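Residues per chain are reported as follows:
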Amino acid sequence: MQVDAMPVANPKHEFELKTRVSNKLCAFVDAGPGRIFYTLSGAEAVENALKMARQITGRNLVAARAKSYHGATMGAMSVTGDWRGQGHFGAQNATLRIPEPSDDPDLSLTRRIIESAGSKNIAAMCLETISGMNGVIIPDASWWRGIESLCQEFKILLIIDEVSCGFGRTGQNLAMHHYGIKPDFVCMAKAISGGYVPFGALWVKEEVAQFYDQNMLSAGLTAYAHPLGLAAANAVLDLMKDQTFKSAKVALTGEFTAGLLELKNHPKVKAIRNVGLMAAIDLKSSSSDIGPRITWERGLDYGLHFAIKENSIILAPPFVMTSKDNQLLFHGLEKFLENFSTEAP
Ligand SMILES: Cc1ncc(COP(=O)(O)O)c(C=O)c1O
């Protein structure tokens, strides 16, 4: 066990496990030559991507969406567009809001926003590949192609946030693999360590890494590349390739999707979106936000652990869910819907 072999290491130390996991993770990201910067969380992965993008380009602005969450540190909160990013006096002034994919499918408005802010002031775009807690928003491939071509045209670096949609949740290793995106940075955390220890990673393109062969990155994370995190990530990366695990996940996704399909025609359900093991159930409601009356704690009354976003229930079940758990999930949802009133009091 890693805890017996080497439970702690100096962050600058080079050791076999670190090299092995970095090689495996680069292969897993599969976006061309790159290197890994390790963190303890998703927010820190985003934070360091923002820091690097600004340092490399010498530009200050970062473009991000309103329906987004990128973490709870000051920089990550500045790009976060949902309620969690409000009122913290971070670097909000250095954030440029771009429209949602459904509001600007051909990106003509996004282009105008970039041009009027001055593309030479924009260091990066920071985007969740598939937004999770803001409603499981699944952009069209053409939107992603448009984002990549704007980034290329204006030399804007592309930061992809895979913290919640990565590591097999959507059916691919990373959600960006659905689209063939070739980013400059990929932020990862959560499932990277299977939840056993806090851990995160930032994949950077080789050109980004080479900048730091010549320049100093002010970092100094005491627990950078912690051996226990590396050991957990190593096990997860092996598991992601394991045929038994893969087949079980495909079967589970099938059962989960079948349950969702059955709910689609429920009189209180407006729409359902899902990709792999991530789903949003939009409820019919006379109010625009059921949040104040249906909290996630209410879900626990039905044996459910869900998040609420406006009129949607967000589900992201664990990969260890069994068929029985899946049945319980949909049974709980039926009961919840039975008692849910579409009329706000
Ligand atoms: C898309 C996304 N990015 C970043 C984060 C922040 O990750 P962490 O909580 O590990 O700091 C989260 C957390 O929920 C997230 O969903």
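What counts as what
- Residues numbered from 1 in each chain as written.
- Predicted model: local features only at pLDDT ≥ 70, side-chain atom pairs only at ≥ 80, totals over all residues.
- Domains from an automatic or database assignment.
- Near = placed C-beta within 6 Å.
- Nonpolar A, V, L, I, M, F, W, Y, C, P; charged D, E, K, R; others polar.
- Buried ≥ 20, exposed ≤ 12 C-beta atoms within 10 Å, placed from the backbone.
- Helix = DSSP H or I, 4+ residues; strand = E, 2+ residues; numbered from the N terminus.
- Pairing = 2+ DSSP bridges.
- Axes fitted to C-alpha atoms, helices over the stretch in contact; angles between N-to-C directions.
- Parallel < 35°, antiparallel > 145°, perpendicular 65-115°, else oblique.
- Left-handed = near helix turned anticlockwise from the far one by under 90°.
- Contact = placed C-beta atoms within 7 Å.
- Core = buried A, V, L, I, M, F, W, Y, C linked by C-beta atoms within 7 Å.

A. A look at the domain arrangement of the protein. Under the domain assignment used here, the protein contains domain 1 (2-241) and domain 2 (243-339). Between the C-alpha centres of domain 1 and domain 2 the distance comes to 27 Å.

B. Just the site of the ligand, in detail. The local shell around the ligand holds 14 residues, among which Ser 41, Gly 42, Ala 43, Gly 71 and Val 163 are the closest. For the shell around the ligand, the class distribution of residues is six nonpolar, six polar and two charged.

C. Structural view of the pairing of strand 9 (residues 279-283). Of all five residues in strand 9, four are buried; the element is thus mostly enclosed. Between strand 8 (residues 269-274) and strand 9, which pair antiparallel one after the other, the connecting turn spans four residues, and Gly 276 there sits at a positive phi close to 60°. Note: strand 9 against strand 11 (residues 312-315), four bridges, orientation antiparallel. Each bridged residue has a counterpart across the sheet, and for Ala 279 the counterpart in strand 11 is Leu 315.

D. Highlighting the packing of helix 10 (residues 243-263) against helix 12 (residues 323-339). The interhelical angle for the contact between helix 10 and helix 12, taken along N-to-C directions, is 15°, at an axis separation of 10 Å. The orientation of helix 10 relative to helix 12 falls into the category roughly parallel. For the crossing formed where helix 10 meets helix 12, the hand is right-handed. Where helix 10 abuts helix 12, its residues Leu 252, Glu 255, Phe 256, Gly 259 and Leu 263 lie against Ser 323, Asn 326, Leu 329, Phe 330 and Leu 333. Here the residues of the contact of helix 10 with helix 12 sort into six nonpolar, three polar and one charged.

E. The arrangement of the nonpolar core in detail. Ile 159, Phe 185 and Cys 187 are the most contacted members of the largest nonpolar core, which totals 85 residues. The element contributing the most residues to this core is helix 3 (residues 42-57), with seven residues. Mapped onto the domain boundaries, this core takes at least three residues apiece from domain 1 (2-241) and domain 2 (243-339). Dropping the residues within four chain positions of it, Ile 159 is found in contact with Ala 49, Ala 53, Ala 124, Met 125, Cys 126, Pro 183, Asp 184, Phe 185 and Cys 187.

F. Broad picture of the packing of helix 2 (residues 16-29) against helix 9 (residues 227-241). Viewed as axis vectors pointing N to C, helix 2 and helix 9 meet at an angle of 40°, and their least axial separation amounts to 10 Å. What the angle tells us is that helix 2 and helix 9 run oblique. For helix 2 against helix 9, the interelement crossing comes out left-handed. Of the residues in helix 9, those in contact with Leu 17, Lys 18, Arg 20, Val 21, Lys 24, Leu 25 and Phe 28 of helix 2 are Pro 227, Leu 230, Ala 231, Ala 233, Asn 234, Leu 237 and Met 240. Taken together, the residues that form the contact of helix 2 with helix 9 break down as 10 nonpolar, one polar and three charged.

G. Up close: the sheet that holds strand 11. Ordered in space as 8-9-11-10, the four strands form an open sheet in which the pairing is antiparallel. Only two strands of the sheet have a single neighbouring strand rather than two, namely strand 8 and strand 10 (307-309). Sheet twist, expressed as the average angle between the axes of neighbouring strands with direction ignored, equals 20°. Sheet strands in contact with helix 10 are strand 8 and strand 9, and its direction is about 160° off that of strand 8.

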